[in-house]
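What follows is the residue order along each chain.
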Amino acid sequence: MLLLPLLLKATLLRMVNSYHPFYNGFYYNHVMNDDDNGNEKVVDFNGVRLVVETSKDPIYSFSGVNVTLPCHYHHEPESEAKHKIRIKWSKLRDDYTKEQDVLVAIGKTYMAFGDFQGRAHLHRAGQREASLLISDVRLQDDGKYRCEVIDGLEDASDVVELRLRGIVFPYQPPRGQYSLNFHEAERVCQEQGSLIATFHQLFQAWSEGLDWCNAGWLADGTVHYPIRLPRKPCGGVHLAPGIRSYGPRHRHLHRFDVFCFSSRLRGEVFYLEHPTRMTLEEAKQACQDAGAEIAKVGHLYSAWKFHGLDRCDAGWLADGSVRYPIAKPRPNCGPTEPGVRSFGFPSKGRFGVFCYKER
């Protein structure tokens, strides 16, 4: 009785551990011939074509929630599947090469892999559906996914994109401007409860108003900065608004700031004050005494963006910086635009503190 599950698991793993792109253990169902005009055309062996369709528009979501990536299949001309349908979901890089396996399925049995174990499930609400349900969405789930369907010798696939709604914020560490190589930039974003931003995320932030004159790393190893109001120190007054690019940079040798990306919080950010204010160490302890932790920079930006956090009092954050969020600009609270204000990284001083508590 143990033999069948073992054989099934071995078959599922063989679908994943392939050296050839999108190879599934079977030969493809068509060949490429030239038509009378010299153009390639597809010729199906059995006259029936398998068609896989996903959403042409991106699927938007937030971290911490569940999301379904739609995928449906059918045959042209219409016919019933002759074999047990096999389904494979993969996460792709921006150039459409495979980054990681997500899930494979044969019939009603499926297996998820890596970070998707326990979170990726096959969703089949209707006939000929092969949708992917991802629970407890994480920041790193953002990206492109391929849905591949195999019916005997027939094989077809399509790609759908999952985009997380969030906020991009520029970051530089206590040691100052342009001090991060690429790998350090990745690490500091993670330390602040976020991930290094993609170009698409930076472009979206620019379209929503982000204007920043310091260049920063992005997830693909390129360096950019977003300009809404052209000015002399930021590429010149004669260039149109847009994303300025330094292109790919050496990931070890070159140093810049970084753009980080955070999504909606699972908890809440709140402000604690003390009659005599607090040092950084006292602030950390105060948050612990309140059953929370000192907030990270990503926490504060997310609370400001998604929960309208507005506090005209500066407070410590986990990285040793002092900041405060303003959703409704007013006198004596900084510039006339909403945003997160920064006092930098004071070596001395006493302030309140922003704490973060998971729900």
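Residues numbered from 1 in each chain as written. Predicted model: local features only at pLDDT ≥ 70, side-chain atom pairs only at ≥ 80, totals over all residues. Heavy atoms only, no water.

- Per an unreviewed UniProt entry, the protein is named Hyaluronan and proteoglycan link protein 3, and its organism is Gallus gallus.
- As stated in UniProt under Sequence similarities (unreviewed entry), the record for the protein gives "Belongs to the HAPLN family."
- Comment text from UniProt for the protein, heading Subcellular location (unreviewed entry), reads "Secreted, Extracellular space, Extracellular matrix". (UniProt positions renumbered as here; feature names shortened; annotations may be inferred.)

**Thoughts on the nonpolar core**
Move 1: Counting residues in each nonpolar core, the largest one holds 47 residues, and the members touching the most others are Trp 217, Val 258, Val 269, Val 353 and Phe 354.
Move 2: Not counting residues within four places of it along the chain, the set of residues in contact with Val 269 comprises His 299, Leu 300, Ala 303, Leu 309, Phe 354, Cys 355 and Tyr 356.
Move 3: With 37 residues, the next largest nonpolar core counts Ile 87, Leu 122, Ile 134 and Phe 261 among its residues. (Core = buried A, V, L, I, M, F, W, Y, C linked by side-chain atoms within 4.5 Å. Buried < 20%, exposed > 50% of the residue type's maximum accessible area, 1.4 Å probe, protein only. Contact = heavy atoms within 4.5 Å.)

**Comments concerning unusual backbone geometry**
Move 1: With omega at -5°, the peptide bond leading from Glu 76 into Pro 77 counts as cis.
Move 2: You can see Pro 77 is positioned in the loop between strand E6 (71-76) and strand E7 (86-92).
Move 3: The backbone phi angle of Arg 128 is positive, close to 60°, even though this residue is not glycine.
Move 4: Residue placement: Arg 128 occurs in the loop between strand E10 (120-123) and strand E11 (131-134).
Move 5: Here the phi dihedral of Tyr 178 falls at roughly 50°; this positive angle occurs in a residue that is not glycine.
Move 6: Along the chain, Tyr 178 turns up in the loop between strand E14 (166-171) and helix H2 (182-191). (Helix = DSSP H or I, 4+ residues; strand = E, 2+ residues; numbered from the N terminus.)

**Thoughts on the pairing of E14**
Move 1: Extensive coverage of E14 is indicated by the burial of six of its six residues.
Move 2: Judged by which residues are buried, E14 turns out to be covered on both faces: Gly 166, Val 168 and Pro 170 on one side and Ile 167, Phe 169 and Tyr 171 on the other are all buried.
Move 3: By the bridge criterion, six bridges tie E14 to strand E19 (residues 257-263) in an arrangement that is antiparallel. Of the residues in E19, the one forming a bridge with Pro 170 is Phe 259. (Pairing = 2+ DSSP bridges.)

**Observations concerning the sheet that holds strand E9 (residues 109-112)**
Move 1: Strand order in the open sheet formed by six strands is E4-E13-E12-E7-E8-E9, with mixed pairing between adjacent strands. Two strands lie at the open edges of the sheet, namely strand E4 (59-61) and E9, each paired on one side alone. When strand polarity is set aside, the average angle formed by the axes of neighbouring strands in this sheet is 25°.
Move 2: Direction of pairing for strand E8 (residues 98-106) relative to E9: antiparallel, over a ladder of four bridges. Bridge pairing links Ala 105 to Tyr 110 in E9. (Axes fitted to C-alpha atoms, helices over the stretch in contact; angles between N-to-C directions.)

**A closer look at helix H3 (residues 199-207)**
Residues three or four positions apart in an α-helix share a direction because the helix packs 3.6 residues into each turn.
Move 1: Listed as buried for H3 are Gln 201, Leu 202, Ala 205 and Trp 206. For H3, the arc enclosing every buried residue in end-on projection is 140°, short of the 170-degree limit, so these residues lie on one face.
Move 2: On its buried side, H3 packs onto E14, strand E15 (195-196), strand E17 (222-227), strand E18 (242-248) and E19.
Move 3: Immediately downstream of H3, the backbone of Gly 209 shows phi near 125°, a positive value. (Arc of directions from axis to C-beta.)

**With respect to the state of the cysteines**
Move 1: Going through the model one piece at a time under the given rule, you end up with five disulfides.
Move 2: The disulfide bridge from Cys 213 ends at Cys 234, spanning 1.8 Å between sulfur atoms. Judged by the sign of its S-S torsion, about -120°, the bond between Cys 213 and Cys 234 is left-handed. Residue Cys 213 is located in the loop between H3 and strand E16 (216-217), and its partner Cys 234 is located in the loop between E17 and E18; the two are separated by 21 residues in the primary sequence.
Move 3: A disulfide bridge connects Cys 312 with Cys 333, and the sulfur atoms are separated by 2.0 Å. Residues Cys 312 and Cys 333 are joined by a disulfide whose S-S torsion is about -120°; by sign, that bridge is left-handed. Taken together, the residues Cys 312 in the loop between helix H5 (297-307) and strand E22 (315-316) and Cys 333 in the loop between strand E23 (322-326) and strand E24 (339-342) connect sequence positions 21 residues apart.
Move 4: Using a relative accessible area of 29% as the deciding quantity, one classes Cys 312 as partly exposed.
Move 5: Using a relative accessible area of 4% as the deciding quantity, one classes Cys 333 as buried. (Disulfide = S-S within 2.5 Å.)

**Digging into the environment of Ala 197**
Move 1: Tracing the sequence through the fold places Ala 197 in the loop between E15 and H3.
Move 2: Using a relative accessible area of 0% as the deciding quantity, one classes Ala 197 as buried.
Move 3: Ala 197 sits 19 residues away from Gly 216 along the chain, and the two C-alpha atoms are 9.7 Å apart.
Move 4: Not counting residues up to four positions away in its chain, the partners in contact with Ala 197 are Val 168, Leu 218, Ala 219, Phe 259, Cys 260 and Phe 261.

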